[in-house]
Amino acid sequence: PMFPAISEISLARNRIKSLRGLCLNLTRLNLADNRLATYFERNMGCLKQQHKLQHLDLSKNDLRSVHEDLLSLMVDLTNVSLSHNQLSEVPVKLFANYTNLKRINLSWNNIDAINEETFSHLESLEMLDLSVNSFSTIPEPFLQFVDSLPSTFRLRLDQNSFDCRCSRQYFQDWLNNHEDKVPGFKNLRCSTPSSLVDKHVYNYTTDQVLCDMEKFG
């Protein structure tokens, strides 16, 4: 490589659209706040050559999707940020077999569903940030996966619009039994039904008659 001694590069807050000529052997790469969405698929080859990369920041690039192979060869990756983009989903295989990954930031996107299989092999995971997305609830299989992680794991869910109907009662119950795993859990609020708008998710109460009507009607 042209600059063999370089291991860390920050190119944040520019107007970069292409990564040509940046295929270096890096451990840290900060590409936040650029314009990579324009030619992102063409840039994948260069990114995938970063075999020793440990920290990758792709936040604020207006990415609407990412290919499931994006991180496939970054076996040493420990921190990755895809926050402040336009992602609506996370490919199931995006983080496959990354046993070293510790922190994943997916905050400030449009994600409304999460699959536990996406993270099932991340034995070292310490933090997953899903704040400011479009979640109405967190599915029970994913919560069971969180239960399997070490006690040091933290899940951020701030500023999502949660459905607090009776069918989602399991989420409230889980929150109240896992206060330590969800920083700021007392700030999570309901967006539906209308009678519970802006109520705290952890301590809202439902009328049993209405719950029965929802269940059988």
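This text follows the structure it describes.
It should be emphasised that the depicted structure is a prediction, and the values quoted were computed from it without experimental measurement.

Peer 1: Lay out the side chain of Asn109 with the relevant residues and their values.
Peer 2: The topology assignment puts Asn109 in the loop between β5 (103-105) and β6 (127-129). A polar contact of 3.2 Å, which involves the side chain of Asn109, links it to the backbone oxygen of Ser107. Apart from residues lying up to four places away in sequence, Asn109 is in contact with Leu82, Ser83, His84, Asn85, Gln86, Leu87, Val132 and Asn133.

Peer 1: For the packing of helix α2 (residues 140-148) against helix α3 (residues 169-176), give the residues involved together with the corresponding values.
Peer 2: Close contact between α2 and α3 brings their axes to 11 Å; oriented N to C, the two are set at 15°. With respect to their mutual orientation, α2 and α3 come out roughly parallel. As α2 runs across α3, the sense of the crossing is left-handed. Contacts between α2 and α3 pair Glu140, Leu143, Val146 and Asp147 from the former with Tyr170, Phe171 and Trp174 from the latter. Considering only residue class, the contact of α2 with α3 consists of 5 nonpolar, no polar and 2 charged.

Peer 1: Hey, could you go over the packing of aromatic side chains for me, with residue numbers and the actual values?
Peer 2: Aromatic ring pairs are described here by two measures, namely the spacing of the ring centres and the angle between the planes. Inspection of the entire model under this criterion finds 5 aromatic pairs. Their ring planes at 75° and their centres at 6.0 Å tell us that Phe119 and Phe142 sit as a pair that is edge-to-face. With Phe119 in the loop between β5 and β6 and Phe142 in helix α2, this residue pair connects regions lying 23 residues apart in the sequence. For the residue pair Phe119 and Phe142, the accessibility class agrees, reading buried in each case.

Peer 1: Go over the state of the cysteines with me, naming the residues and quoting the values.
Peer 2: Taken as a whole and assessed by the stated rule, the structure comprises 1 disulfide. Covalent S-S linkage joins Cys164 and Cys190, the inter-sulfur distance amounting to 2.0 Å. Taking the sign of the torsion about the S-S bond as the criterion, the disulfide between Cys164 and Cys190, at about -90°, is left-handed. Of the two residues, Cys164 sits in the loop between β8 (161-163) and α3 while Cys190 sits in strand β9 (residues 189-192), which places them 26 residues apart along the sequence.

Peer 1: Help me get a handle on the sheet that holds strand β4 (residues 79-81), residues and values and all.
Peer 2: Strand-to-strand pairing in sheets goes through backbone hydrogen bonds, with the strands running parallel or antiparallel. On the basis of which strands lie adjacent, the open sheet formed by 7 strands has the order β1-β2-β3-β4-β5-β6-β7 and parallel pairing. One side of each edge strand has no neighbouring strand; the edge strands of this open sheet are β1 (8-10) and β7 (154-156). Between one strand axis and the next, the sheet turns through 5° on average, direction left out of account. The pairing of β5 with β6 spans 3 bridges and is parallel. Across the sheet, Arg103 pairs through a bridge with Met127, a residue of β6.

Analysis parameters
- Residues numbered from 1 in each chain as written.
- Predicted model: local features only at pLDDT ≥ 70, side-chain atom pairs only at ≥ 80, totals over all residues.
- Heavy atoms only, no water.
- Helix = DSSP H or I, 4+ residues; strand = E, 2+ residues; numbered from the N terminus.
- Polar contact = N/O pair within 3.5 Å; in protein donor to acceptor, adjacent residues only side chain to side chain.
- Contact = heavy atoms within 4.5 Å.
- Axes fitted to C-alpha atoms, helices over the stretch in contact; angles between N-to-C directions.
- Parallel < 35°, antiparallel > 145°, perpendicular 65-115°, else oblique.
- Left-handed = near helix turned anticlockwise from the far one by under 90°.
- Nonpolar A, V, L, I, M, F, W, Y, C, P; charged D, E, K, R; others polar.
- Phe/Tyr/Trp six-rings, centres within 6.5 Å; stacked < 30°, edge-to-face > 60°.
- Buried < 20%, exposed > 50% of the residue type's maximum accessible area, 1.4 Å probe, protein only.
- Disulfide = S-S within 2.5 Å.
- Pairing = 2+ DSSP bridges.

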